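Residues per chain are reported as follows:
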Amino acid sequence: MSILKSSVEKKMGLALAGLFLVFFLFVHLAINLTLIYPGKEAFDAAVEFMATNPFIQLMQPILFLVFAFHIYMAIYLELTNRSKRSVKYVKNNPGANSSWVSRNMIWTGLMIFGFLLLHLYNYFLPFKTQNISDHYELVISLFKNPVYTFIYVLAFVALGLHLSHGFQSAFQTFGVPREKCNRPLVICGNIISIILAVGFSAIAIYFYFN
Ligand code: HEM
């Protein structure tokens with residue numbers, strides 16, 4: 001990306017895109033929770049609204065661009081950091097100054113990317129290309145399959161872990177002082193992660209059992 005020259009600018013772009021995606025996930029979760037309550041009518045009305053509202057139609061390609069940018073930047077920065085880190089230290093104890101989640105952001109991120117491809121194939125593609133009479137039924141029927149329910153819940157756990165570090169890391173990239181704000185940011189990141197991971201998992205598990 002030639003407009004984002006330094007690696008700090010690239011990290012800022014990555015962080016900004018990540019925060020936009022968190023916002024999308026909250027909207028997406030709110031809409032999906034209507035599957036459970038109030039139920040079918042509300043969900044079908046939401047789908048109808050999403051399919052016809054001009055603002056949503058404008059936002060959809062932007063959302064895909066932001067996803068693509070976030071994934072591209074994350075892989076680019078990971079590969080450049082790896083090549084810079086190629087000098088091995090005699091004593092290397094990463095566990096002493098970084099968490100497991102922070103060291104594995106690329107792997108939880110790639111798991112979410114894999115999930116996203118499957119997810120678009122499961123829902124987005126049929127919604128856009130087929131003449132579906134019952135959207136509600138299509139969405140919930142996926143979770144009657146234990147393999148899908150397991151893969152989805154696993155991806156939501158990965159999403160929770162990814163965000164628990166990603167949220168605070170984004171604000172540190174923007175220069176928010178570590179000494180003063182670390183604790184509130186960690187708490188905020190954990191709350192956001194739990195709401196999203198538990199909220200999405202609840203939908204999958206609820207329809208698996210009901
Ligand atoms: C139980 C959890 C979930 C359910 C039931 C669900 C359901 C759906 C449905 C029905 C659509 C098609 C909407 C339409 O085209 O009108 C969709 C689209 C999409 N979903 Fe999900 N979703 C879930 C979780 C997630 C998660 C965790 C992510 C991201 C990591 C995600 C990302 C997307 C994206 C990017 C689209 C395409 C854009 C859009 O149509 O809004 N979804 N989802």
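Data block above holds the structure.
Remember, predicted model here, so these are calculated numbers, not experimental data.

Student: Explain the overall build of the protein chain here, please?
Tutor: A tally of helices and strands in the protein chain yields eight helices and zero strands. Secondary structure elements of the protein chain, listed N to C terminal, follow the sequence α-α-α-α-α-α-α-α. Oriented by its inertia axes, the alpha-carbon framework of the protein chain measures out at about 60 × 40 × 30 Å. In the protein chain, buried positions account for 18% of the 210 residues. Expressed as a percentage of contacts within the protein chain between residues at least 6 apart in sequence, the contacts between residues at least 24 apart total 79%.

Student: I would appreciate a short explanation of the packing of helix α5 (residues 105-129) against helix α7 (residues 146-173) in the present structure.
Tutor: A pair of packed helices is captured by two measures, namely the crossing angle of their axes and the spacing between those axes. Put simply, α5 and α7 touch, their axes get as near as 9 Å, and they point 135° apart. Relative to α7, α5 is oriented oblique. Here α5 runs over α7; the crossing is left-handed. Residue-level contacts link Met-105, Thr-108, Gly-109, Met-111, Ile-112 and Phe-115 of α5 to Ala-155, Ala-158, Leu-159, Leu-161, His-162, His-165 and Gly-166 of α7. Considering only residue class, the contact of α5 with α7 consists of eight nonpolar, five polar and no charged.

Student: Mind showing me how you'd approach the site of the ligand here?
Tutor: The environment of the ligand is formed by 19 residues, the closest being Met-50, Tyr-123, Phe-127, Phe-200 and Ile-203. Those elements giving two or more residues to the shell around the ligand turn out to be α1 (7-33), α2 (40-52), α3 (54-84), α5 and α8 (178-209). Counting residues per element, the shell around the ligand draws most heavily on α5, which supplies six residues. Partitioning the shell around the ligand into residue classes produces 15 nonpolar, four polar and no charged.

Student: For this particular structure, what's the right way to read α5?
Tutor: Residue pairs spaced three or four apart in an α-helix point in one direction, given the helix's 3.6 residues per turn. For α5, spanning 25 residues, the distance from its first C-alpha to its last is 34 Å, which sits close to the expected 36 Å at 1.5 Å a residue. At Leu-120, α5 is bent by approximately 40°, the largest bend along its length. The elements touched by buried residues of α5 are α3 and α7.

Student: Teacher, can you tell me more about the environment of Leu-118 here?
Tutor: Counting through the fold element by element, Leu-118 comes out in helix α5. Between the C-alpha atoms of Leu-118 and Tyr-152, which are 34 residues apart in sequence, the distance is 9.5 Å.

Student: What should I look at first to understand α7 in this one?
Tutor: Here α7 is 28 residues long and its end C-alpha atoms lie 40 Å apart, about the 40 Å a rise of 1.5 Å per residue gives. At Leu-163, α7 is deflected by roughly 25°, the largest bend along its length. Note on α7: the residue one or two positions beyond its end, Gly-175, has a positive phi of about 95°.

Student: Sorry, what's going on with unusual backbone geometry here?
Tutor: Most peptide bonds take the trans form, and the phi angle of most residues other than glycine is negative. Cis rather than trans, the peptide bond between Tyr-37 and Pro-38 has omega equal to 5°. Looking at the element boundaries, Pro-38 is found in the loop between α1 and α2.

Student: Before we go on, may I ask you to explain the nonpolar core in this structure?
Tutor: In a soluble, globular protein the nonpolar side chains are often hidden away together inside. Judged by nonpolar contacts, the single largest core of 25 residues is most densely connected at Ala-155, Phe-156, Leu-159 and Phe-200. Looking at this core, the elements that each hand over two or more residues are α1, α3, α6 (135-141), α7 and α8. The dominant element in this core, judged by the number of residues it contributes, is α7, at nine residues. The residues touching Phe-200, leaving out its near neighbours within four places in the chain, are Leu-29 and Phe-156.

Student: Quick question: what am I supposed to make of the packing of α7 against α8 here?
Tutor: Between α7 and α8, the least distance of the axes is 8 Å, while the angle of their chain directions is 165°. Judged on the interaxial angle alone, α8 and α7 are roughly antiparallel. Note on packing geometry: the crossing formed by α7 with α8 is right-handed. Of the residues assigned to the contact of α7 with α8, the class counts are 21 nonpolar, nine polar and one charged.

Student: What's the story with the environment of Tyr-152 in this structure? I'm lost.
Tutor: Mapping Tyr-152 onto the fold places it in helix α7. Owing to 22 C-beta atoms within 10 Å, Tyr-152 belongs among the buried residues under this scheme. With 118 residues separating them along the chain, Tyr-152 and Thr-34 place their C-alpha atoms 18 Å apart.

Thresholds applied
Residues numbered from 1 in each chain as written. Predicted model: local features only at pLDDT ≥ 70, side-chain atom pairs only at ≥ 80, totals over all residues. Helix = DSSP H or I, 4+ residues; strand = E, 2+ residues; numbered from the N terminus. Buried ≥ 20, exposed ≤ 12 C-beta atoms within 10 Å, placed from the backbone. Contact = placed C-beta atoms within 7 Å. Axes fitted to C-alpha atoms, helices over the stretch in contact; angles between N-to-C directions. Parallel < 35°, antiparallel > 145°, perpendicular 65-115°, else oblique. Left-handed = near helix turned anticlockwise from the far one by under 90°. Nonpolar A, V, L, I, M, F, W, Y, C, P; charged D, E, K, R; others polar. Near = placed C-beta within 6 Å. Expected span 1.5 Å × (residues − 1). Bend = angle between axes of the 7 residues up to and from the residue. Core = buried A, V, L, I, M, F, W, Y, C linked by C-beta atoms within 7 Å.

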